[in-house]
Amino acid sequence: MKSLMKIMAACFLLGITSCNYLDVVPNDTATLDHAFSNRSVMEKFMRTCYSHLPDPTNPWHYPAYFTSRDEFDWRGETRAAVMPAAMISRGLQNTNTPYQDYWSGTNGAKAMYTAIRDCNIFLESAHIPRDIDETERLRWISEVTFLKAYYHFFLVQLYGPIVLVRENLPVSASPEEAKVYREPVDECIEYIVELLDEAAAGLPDALPDPSTERGRITKITTLGIKAKALAWAASPLFNGNPDYAGWVDNRGKQLIPNTYDATKWERAAIAIREAIDLAEATGHRLYEFNKFAGGASTFAMNDTLETLMTVRKAITEQYDQNPGVLWATQEQFAHGKGSPGLSVLGNMLASLFPVLYSTDQPLLLNYMSASWHMAELYYTNNGVPINEDKNYDYSNRFSLRRATPSDNHESYIATNEVTSYLHFFREPRFYASLGIDRGYFELVSTTTNGGASFGPVIKSRSDEVGPANGHAAYTPKKIIPFESSGSRGIAGQVYTQYLYQFPLLRLADLYLLYAEALNEVKAQPDQDVYLWIDKIREQTGLDGVVESWQRAAYNPGAPSNKNDMRRIIQRERLIELSFEGQRFWDVRRWKIAQEYWTLPPTSWKTGTRVAEEFYVPTPYAEPRQVTFRDYLYPLRQYDLRVNTNLVQTYGW
């Protein structure tokens, strides 16, 4: 019988003292013989391995939302006083008690090395049960192998070089054997890819039953994460980064290469294409609203509204009805903080649900918002950036304009309402992704046939929403299901949730990643590069990138220049994947955080309902100072004292 001591030995690997094997189901024994005595308890242990997945719907502790204020923001400084993400965004990350500490599992984060330990326990013991079909056993082993790789990859994205836990240390390990090292980032990526290749061989291409197996791993998932891991290895943060030239451990190993290797992009491109080909071969395609089997339409809407719904429902559609999602979260059952009956996802969405003005009282649910700066990100209706469109009055973008029928904005902005010129003549993703002042917030309860009514109008000026709303900004409408609703009842404000599985990997992500890799591989961008970005643009009502720039941009030849095309692809990713928890990772791997994270927290001017006074961009907090050290998270000083072979993240 294997003892608890052998399992706990791994906890001392990195100075982690919070491991508790009794947290692993079943929780009535500390013996592995019982934990793997039959198929049923083995399945529970596998679910424990899944349970460590970082929750992308938790805005307090997941890194991708509020650690910077360039995509999401909160309404009022006091609301986020103790939010770990907010502390990071204020430049308060530290080495004594690091915020979002996924290495050790402190400050609200999950301990990824505990997750890896549990995966190793499963993989070492999966041969024990006898009442299980061998095909199923192989699938479960492959799923947990993927999870082991993914937890390593998650750590690499946050910390760069990490400790590789190929197997748990035995109880007989000496103190010196337990003092392990962070390995060079290239070795980390190679090990992750090795695990993913191993996992892919035993997994089904797609889920046999998507309606009952939501969130489980497939070969498509595995190839997609492999593609992303290799793209990270090829990107500027890890590929020839001179900022980390001095990062050498006590063995003399350079932990991040300072010499650029172009072949890494070639390898990434091959892996991305392999993932795309398998996804398309199994029926995955970009999502299109109202286009289901047989061409039947569920809602009667005009073309403009259908395009808006294509953007929103590409995220919020149910997993088994969304061919554009390759991997999504599992069902969320935990109750949200302060919101009885709401899931974690539901609690996040309730916090984002907009202020909806009515003739009696405004409905006030939200205290999180989209950053004010996101309004300038999206293209014009000509498909180019607002500061590059020769037909767009960029210098007067904060002036006022009244919506009239001749503007052809009746699907976006309430007719005769006055709002900022910034809100006019923008691409469909602008209106689908952002709830804007005087714009419609489409809800299924108010959207009618033919687009005659589009839902309530958001009115964000101070005496319309009340002082409790704090900084007037924007709502990330894209991730809020239009089937959800808010109301005011006897018990107070009520958010009626429409749960969906939050996407972790979309086909659109791989298309744009492939365009990025091809652009890096080729001496000059060509039709092969444009093809993949144009697939995305066509789905959202825009012309191709070459045609758009030639027709409307000050620099019509930008798509033919490799450096300019790199910036175009980066912006396309920031737009297409906005509010999906992707921007944080991309901005870091591209090494352009200084461009975005230093933007001052800004809003329209509060305290007034007068339009001329309201539409004044007003910074309300100090901008964050960013240096190269902020790209990677630090380790706890305690962990470094326990294991003297660990080296602190460079710069910390």
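Note that the structure is a prediction, hence the values are computed from the model and not measured. (Residues numbered from 1 in each chain as written. Predicted model: local features only at pLDDT ≥ 70, side-chain atom pairs only at ≥ 80, totals over all residues. Heavy atoms only, no water.)

Colleague: Would you mind showing me how to read the overall build of the protein chain here?
Modeller: Counting secondary structure elements, the protein chain contains 22 helices and 12 strands. Expressed as a percentage of the 652 residues in the protein chain, the buried residues total 61%. Surface accessibility of the protein chain: about 24,000 Å² in total, with carbon and sulfur atoms responsible for 51%. (Helix = DSSP H or I, 4+ residues; strand = E, 2+ residues; numbered from the N terminus. Buried < 20%, exposed > 50% of the residue type's maximum accessible area, 1.4 Å probe, protein only. Areas by Shrake-Rupley, 256 points an atom, 1.4 Å probe, with all protein chains shown as cover.)

Colleague: What exactly am I supposed to notice about the side chain of Arg 397 here?
Modeller: Tracing the chain through its elements places Arg 397 in the loop between strand E5 (368–370) and strand E6 (400–402). At a separation of 3.1 Å, a polar atom in the side chain of Arg 397 contacts the main-chain carbonyl oxygen of Tyr 394. Those residues in contact with Arg 397 that lie beyond four places of it in its chain are Glu 376, Ile 386, Tyr 392, Ser 420, Tyr 421 and Leu 422. (Polar contact = N/O pair within 3.5 Å; in protein donor to acceptor, adjacent residues only side chain to side chain. Contact = heavy atoms within 4.5 Å.)

Colleague: In this structure, what is going on with the pattern of salt bridges? I would like to understand it.
Modeller: Opposite charge on two side chains makes pairing possible when the charged atoms of those side chains draw close. Under the criterion given, the structure shown has 53 salt bridges. Ionic pairing is found between Lys 228 and Asp 509, a salt bridge with its closest N-O pair at 2.7 Å. On the criterion of sequence distance, the pair formed by Lys 228 in helix H9 (residues 219–234) and Asp 509 in helix H15 (residues 507–521) is long-range, its members being 281 residues apart. Judged by relative accessible area, which is 11%, Lys 228 ranks as buried. Asp 509 sits in the buried class, given a relative accessible area of 3%. The residue Glu 576 makes a salt bridge to Arg 506 at a minimum N-O spacing of 3.1 Å. (Salt bridge = Lys/Arg side-chain N within 4 Å of Asp/Glu carboxyl O.)

Colleague: Would you mind showing me how to read the packing of helix H10 (residues 263–281) against H15 here?
Modeller: The relative placement of two packed helices is expressed as an angle between their axes plus a distance between the axes. Where H10 meets H15, the closest approach of the two axes is 9 Å, and the angle between their N-to-C directions is 150°. Looking at the two axes, H10 sits roughly antiparallel to H15. Once H10 is placed against H15, the crossing between them reads as left-handed. Taking contact as the criterion, the partners of Trp 265, Glu 266, Ala 269, Ile 272, Arg 273, Ala 275, Ile 276, Ala 279 and Glu 280 in H10 are, on H15, Leu 507, Leu 510, Tyr 511, Leu 513, Tyr 514, Glu 516, Ala 517, Glu 520 and Val 521. When its residues are assigned to classes, the contact of H10 with H15 shows 13 nonpolar, no polar and five charged. (Axes fitted to C-alpha atoms, helices over the stretch in contact; angles between N-to-C directions. Parallel < 35°, antiparallel > 145°, perpendicular 65-115°, else oblique. Left-handed = near helix turned anticlockwise from the far one by under 90°. Nonpolar A, V, L, I, M, F, W, Y, C, P; charged D, E, K, R; others polar.)

Colleague: Just checking my understanding: could you explain the nonpolar core for this structure?
Modeller: Considering soluble globular proteins, one finds that nonpolar side chains tend to be buried as a cluster. Residues Phe 122, Leu 434 and Ile 479 are the most contacted members of the largest nonpolar core, which totals 185 residues. A per-element tally of this core places helix H6 (residues 134–159) first, with 13 residues. (Core = buried A, V, L, I, M, F, W, Y, C linked by side-chain atoms within 4.5 Å.)

Colleague: Any chance you could explain empty space enclosed by the protein here in plain terms?
Modeller: It is the rolling of a water-molecule-sized probe over the atoms that shows where space remains empty. What the rule picks out here adds up to eight cavities of 30 Å³ or more. Of the volumes computed, that of the largest cavity is approximately 270 Å³. Lining the largest cavity are 20 residues, and of these Tyr 62, Lys 228, Leu 504, Gly 581 and Gln 582 lie nearest its centre. In the lining of the largest cavity, the residues fall into 13 nonpolar, three polar and four charged. In this structure, the second largest cavity is lined by 15 residues; those nearest its centre are Tyr 287, Ala 314, Arg 506, Gln 539 and Glu 576. Looking at the lining of the second largest cavity, the elements that each hand over two or more residues are helix H11 (303–316), H15 and helix H16 (527–539). No other element matches the three residues that H11 contributes to the lining of the second largest cavity. Counted by class, the lining of the second largest cavity contains seven nonpolar, five polar and three charged residues. (1 Å grid on protein atoms, 1.4 Å probe; cavity = no way out; pocket = protein on both sides within 12 Å on 5 of 7 lines; lining within 4 Å. Points joined across faces, edges and corners; volume = space filled by probe spheres on them.)

Colleague: Where do I start with helix H18 (residues 562–576) in this structure?
Modeller: Helical periodicity: at 3.6 residues per turn, an α-helix aligns residues three or four positions apart in one direction. Between its first and last C-alpha, H18 extends 21 Å over 15 residues, near the 21 Å set by a 1.5 Å rise per residue. Residues of H18 that are buried include every one of Met 565, Ile 568, Ile 569, Gln 570, Glu 572, Arg 573, Leu 574, Ile 575 and Glu 576, and no others. Sitting at the head of H18, Asn 561 places a side-chain oxygen 3.0 Å from the backbone nitrogen of Asn 563. (Expected span 1.5 Å × (residues − 1).)

Colleague: In this structure, what is going on with the environment of Ile 225? I would like to understand it.
Modeller: Within the secondary structure layout, Ile 225 lies in helix H9. By relative accessible area, which is 5% here, Ile 225 ends up buried. In this structure, Ile 225 is in contact with Phe 146, Tyr 150, Phe 153, Leu 196, Trp 327 and Leu 505, ignoring residues within four places of it in sequence.

Colleague: I keep staring at the environment of Glu 136 and nothing clicks. Help me out?
Modeller: Examined against the element boundaries, Glu 136 turns out to sit in helix H6. Considered as a pair, Glu 136 and Gly 202 are 66 residues apart in the sequence and their alpha carbons are 9.5 Å apart. A polar contact is formed between the side chain of Glu 136 and the side chain of Arg 39, at a distance of 2.8 Å.

Colleague: Got a minute to help me understand the confidence of the model for the protein chain in this structure?
Modeller: Low pLDDT means the predicted coordinates in that region are not meant to be read closely. The share of residues in the protein chain with pLDDT of 70 or more is 84%, and the mean pLDDT across the chain is 87. Across residues 332–341, confidence stays below pLDDT 50; counting only partners more than four residues off in sequence or on other chains, it has 17 contacts. (pLDDT = per-residue confidence, 0-100.)

Colleague: For this particular structure, what's the right way to read helix H8 (residues 185–200)?
Modeller: When the terminal C-alpha atoms of H8 are compared, their 22 Å separation across 16 residues agrees well with the 22 Å that a helix rising 1.5 Å per residue should span. Val 185, Cys 188, Ile 189, Tyr 191, Ile 192, Val 193, Leu 195, Leu 196, Ala 199 and Ala 200 are the residues of H8 that are buried. Those residues of H8 hidden inside the fold are in contact with H6, H9 and H10.

Colleague: Can you help me understand the packing of H15 against H18 in this one?
Modeller: One can describe the packing of H15 onto H18 by two numbers: an axis separation of 10 Å at closest approach and a directional angle of 170°. Of the possible angle classes, the one that applies to H15 and H18 is roughly antiparallel. Of the residues in H18, those in contact with Ala 508, Asp 509, Leu 512, Leu 513, Ala 515, Glu 516, Asn 519 and Glu 520 of H15 are Lys 562, Met 565, Arg 566, Ile 569, Glu 572, Arg 573 and Glu 576. Along the lines of polarity and charge, the residues of the contact of H15 with H18 split into six nonpolar, one polar and eight charged.

Colleague: So what exactly am I meant to see when it comes to the packing of aromatic side chains here?
Modeller: To describe a pair of aromatic rings, you give the distance between the ring centres and the angle between the ring planes. Overall, the coordinates contain 44 aromatic pairs when judged by the stated rule. Taken together, a centroid distance of 5.6 Å and an interplanar angle of 45° make the contact between Trp 232 and Phe 238 tilted. For the pair Phe 628 and Tyr 650, a centre-to-centre distance of 5.9 Å together with 40° between the ring planes defines the contact as tilted. Remark: Tyr 650 occurs in the segment after helix H22 (637–642) and Phe 628 occurs in the loop between strand E12 (618–619) and H22; sequence separation between them is 22 residues. Looking at Phe 628, the relative accessible area reads 26%, which means it is partly exposed. Above the face of the Phe 441 ring, Arg 312 is positioned so that its terminal group lies 5.4 Å from the ring centre. (Phe/Tyr/Trp six-rings, centres within 6.5 Å; stacked < 30°, edge-to-face > 60°. Lys NZ or Arg CZ within 6 Å of the ring centre and 35° of its normal.)

Colleague: What's the story with unusual backbone geometry in this structure? I'm lost.
Modeller: A negative phi angle characterises most non-glycine residues, just as the trans form characterises most peptide bonds. A positive phi angle, near 55°, is found at Asn 107, a position not held by glycine. For Asn 107, the location among the structural elements is in the loop between helix H4 (84–89) and helix H5 (112–125). Even without glycine at this site, Arg 438 takes up a positive phi of about 75°. Tracing the chain through its elements places Arg 438 in the loop between helix H13 (428–433) and helix H14 (462–465). Owing to a relative accessible area of 4%, Arg 438 belongs among the buried residues under this scheme.

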